[in-house]
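If you want the building blocks of each chain, they are given just below.
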Amino acid sequence: MKVDGKDLRPIWLDENLETVKIIDQRKLPHEFVIVDLKTTDDTILAIKEMYVRGAPLIGVTAAYGVFLAALTFLNQPDGEEKMIAACNRLRAARPTAVNLLWAVDQVMKSALARDDIADRIETARREALSIEEFEVENCKNIGLHGCELIEAISKKKSGETVNVLTHCNAGWLACVEYGTATAPIYTAFDKGINVHVWVDETRPLNQGSRLTAWELGKHGIAHTVITDNAGGHVMQHGKVDMVIVGTDRATYTGDVANKIGTYLKALAAKDNNIPFYVALPSSTFDWNISDGLKDIPIETRDPDEVRYVQGLHDGELKSVLVPPENSGAMNFAFDVTPARLVTGFITERGVCKATEKGVKQLFPEKR
Ligand code: MRU
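Residues numbered from 1 in each chain as written. Predicted model: local features only at pLDDT ≥ 70, side-chain atom pairs only at ≥ 80, totals over all residues. Heavy atoms only, no water.

## Details of the sheet that holds strand β6 (residues 162-166)
(1) Moving on: Strand order in the open sheet formed by 7 strands is β8-β7-β6-β9-β12-β17-β18, with mixed pairing between adjacent strands. Strands at the two margins of the open sheet, each flanked by one partner only, are β8 (222-226) and β18 (350-352). For this sheet the average axis-to-axis angle between neighbouring strands, irrespective of direction, equals 25 degrees.
(2) Moving on: As paired strands, strand β7 (residues 195-200) and β8 are joined by 5 bridges and run parallel to one another. What sits directly across from Trp198, in β8, is Thr224.
(3) Moving on: On the sheet, helix α5 (residues 117-156) packs against β6, β7, β9 (242-245), β12 (276-279), β17 (344-347) and β18 and is oriented at approximately 130 degrees with respect to β17.
(4) Moving on: Running at roughly 145 degrees to β12, helix α9 (residues 262-271) makes contact with β6, β7, β9 and β12 of the sheet. (Pairing = 2+ DSSP bridges. Helix = DSSP H or I, 4+ residues; strand = E, 2+ residues; numbered from the N terminus. Axes fitted to C-alpha atoms, helices over the stretch in contact; angles between N-to-C directions. Contact = heavy atoms within 4.5 Å.)

## Focus: the environment of Val359
(1) Moving on: The topology assignment puts Val359 in helix α12 (residues 356-362).
(2) Moving on: The class of Val359 is buried, set by a relative accessible area of 0%.
(3) Moving on: For Val359 and Gly261, which are 98 residues apart along the polypeptide, the C-alpha to C-alpha distance reads 24 Å.
(4) Moving on: Setting aside residues no more than four positions away along its own chain, Val359 makes contact with Tyr252, Phe285, Trp287, Phe345, Cys352 and Lys353. (Buried < 20%, exposed > 50% of the residue type's maximum accessible area, 1.4 Å probe, protein only.)

## What to know about helix α6 (residues 183-190)
(1) Moving on: By the criterion of burial, α6 is predominantly enclosed, with 6 of the 8 residues buried.
(2) Moving on: Three or more residues of α6 are buried, namely Ala183, Pro184, Ile185, Tyr186, Thr187 and Ala188.
(3) Moving on: Check the buried side of α6 and you find it contacts α5, β6, β7, α7 (207-219), β9 and β17.
(4) Moving on: Directly after α6, the chain includes Gly192, whose backbone phi takes a positive value near 95 degrees.

## Focus on the nonpolar core
(1) Moving on: Core analysis: the biggest nonpolar cluster contains 43 residues, and Ile11, Ile22, Ile47, Tyr64, Val66, Met83 and Val104 have the highest contact counts within it.
(2) Moving on: Of all the elements in the fold, those that place two or more residues in this core are β3 (11-13), β4 (20-23), β5 (34-37), α1 (40-48), α2 (55-73), α3 (79-91), α4 (98-112) and α5.
(3) Moving on: Looking at this core element by element, the count peaks at 13 residues for α2.
(4) Moving on: If we skip the residues at most four places from it in the chain, Ile22 touches Pro10, Ile11, Val33, Ile34, Val35, Leu37, Ala46, Tyr51 and Val52.
(5) Moving on: Formed by 33 residues, the second largest nonpolar core is a distinct cluster that contains Val162, Ala183, Leu216 and Ile244. (Core = buried A, V, L, I, M, F, W, Y, C linked by side-chain atoms within 4.5 Å.)

## Details of the packing of α1 against α2
(1) Moving on: The contact between α1 and α2 brings their axes to 8 Å, and the two run at 160 degrees. Here α2 runs roughly antiparallel to α1, going by the angle between their axes. Crossing of α1 against α2: the hand is left-handed. Counting all contacts with α1, which are made through Thr40, Thr43 and Ile47, the residues of α2 involved are Ile58, Thr61, Ala62, Gly65, Leu68 and Ala69.
(2) Moving on: Here the contact of α1 with α2 is composed, by residue class, of 5 nonpolar, 4 polar and no charged. (Parallel < 35°, antiparallel > 145°, perpendicular 65-115°, else oblique. Left-handed = near helix turned anticlockwise from the far one by under 90°. Nonpolar A, V, L, I, M, F, W, Y, C, P; charged D, E, K, R; others polar.)

## Some words on empty space enclosed by the protein
(1) Moving on: Tallying each qualifying case throughout the model produces 2 cavities of 30 Å³ or more.
(2) Moving on: Roughly 170 Å³ of volume is contained in the largest cavity.
(3) Moving on: What lines the largest cavity is a set of 22 residues, and nearest its centre among them are Arg53, Gly54, Ala55, Asn169 and Asp248.
(4) Moving on: Listing elements by their share of the lining of the largest cavity, those giving two or more residues are α2 and β11 (256-259). (1 Å grid on protein atoms, 1.4 Å probe; cavity = no way out; pocket = protein on both sides within 12 Å on 5 of 7 lines; lining within 4 Å. Points joined across faces, edges and corners; volume = space filled by probe spheres on them.)

## Quick word on the domain arrangement of the chain
(1) Moving on: For the chain, the assigned domains are domain 1 (2-134) and domain 2 (143-366).
(2) Moving on: For domain 1 versus domain 2, the distance between C-alpha centres works out to 25 Å.
(3) Moving on: Listed by partner, the interface residues are 33 residues for domain 1 and 36 residues for domain 2.
(4) Moving on: Of the roughly 2,800 Å² buried where domain 1 meets domain 2, counting both sides, 58% is carbon and sulfur surface.
(5) Moving on: Looking only at domain 1, the three residues that lose the most surface to domain 2 are Arg53, Thr96 and Val98, adding up to 21% of its buried area. (Domains from an automatic or database assignment. Buried area = accessible area lost by both parts, 1.4 Å probe.)

## Observations regarding the site of the ligand
(1) Moving on: Taken together, 19 residues are adjacent to the ligand, and Arg53, Gln207, Asp248, Asn258 and Lys259 come closest.
(2) Moving on: In this structure, an oxygen atom belonging to the ligand sits 3.0 Å away from a main-chain N or O atom of Gly54.
(3) Moving on: Residue Asp248 places a side-chain N or O atom 2.6 Å away from an oxygen atom belonging to the ligand.
(4) Moving on: Relative to its unbound accessible surface of 410 Å², the ligand loses 100% to contact with the protein.
(5) Moving on: For the shell around the ligand, the elements supplying multiple residues, two or more each, are α2 and β11.
(6) Moving on: Classifying every residue of the shell around the ligand by side-chain character gives 8 nonpolar, 7 polar and 4 charged.
(7) Moving on: Two domains each donate at least three residues to the shell around the ligand, and these are domain 1 (2-134) and domain 2 (143-366). (Near = heavy atom within 4 Å. Polar contact = N/O pair within 3.5 Å; in protein donor to acceptor, adjacent residues only side chain to side chain. Areas by Shrake-Rupley, 256 points an atom, 1.4 Å probe, with all protein chains shown as cover.)

Quick look at the structure:
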């Protein structure tokens, strides 16, 4: 996507073909820092500590992590075992986004199917690049399909502004290009449709107020940041036409795990008859589980992310403590929204109901 006139992605392979470059998303929007990843352990740290985040980007970073494992270890004695051990550590970097496992398995399988060491390394590199481009294409198509939904609302409102509410950051920073939840918004805006986005701040790490607001602003899209608790209120007052969120893992039966607080938005949307869509690429479906509430692993993170809030003060990024020093805190990173609250999925192949039948009609090869 363009930022201040320049093409930018949150990840890319350096010209030396040995270093992966990422934007450190922990510092946005106040500091723009690019970080080099040279080893698989660098990629594990970047995923764990959320320099990079968002399901598709976690997958792409992990794909490059496998390439770096191949590059580092395959020329050493017991290289294959060392590479597999590094990839197993990579698989455990974050538990909820299924894209991580999907990408690691895909790159490992392609690379280790080759006999020759140089060929294995080159195959891992090409496979990681192709996963990056696969996600770009997926998000572009999610944009085209989702835009039809926004366009239909715009027509019904005779061209008046369509108000979309989103939670967390399911934008290009989370995906490489376009985003998942934001792709239909970017496509609609580029087509000249009037759109405005309610951006949930998304505590504790504020991916909404820091990242989604930054992205939308750079694209010139009207948006308003609201507290996480304001969603129900704006819905009750007719200020939301639709909700679009992303997901870190969806069951083929229609349950979705997404950033903590998504479930409450889905409940409020249901109570107010507002369509609640989940935008996702096929890499975010878990084809092995059917009960999201029971089977999707929910990450719990450091309670200090809840206790402290980060922001700009006197030109410097600062963290400040909010609750009493000794109060305990708990940091659930995701929740599960059951299929019955989801109006539909927006995928690269089209829009479907959040049901096993709907999903398998779009992905018949998974039957
Ligand atoms: O903890 P994060 O920032 O990785 O959580 C990200 C989200 O919850 C996104 O909504 C999700 O990954 C979809 S990304 C297109």
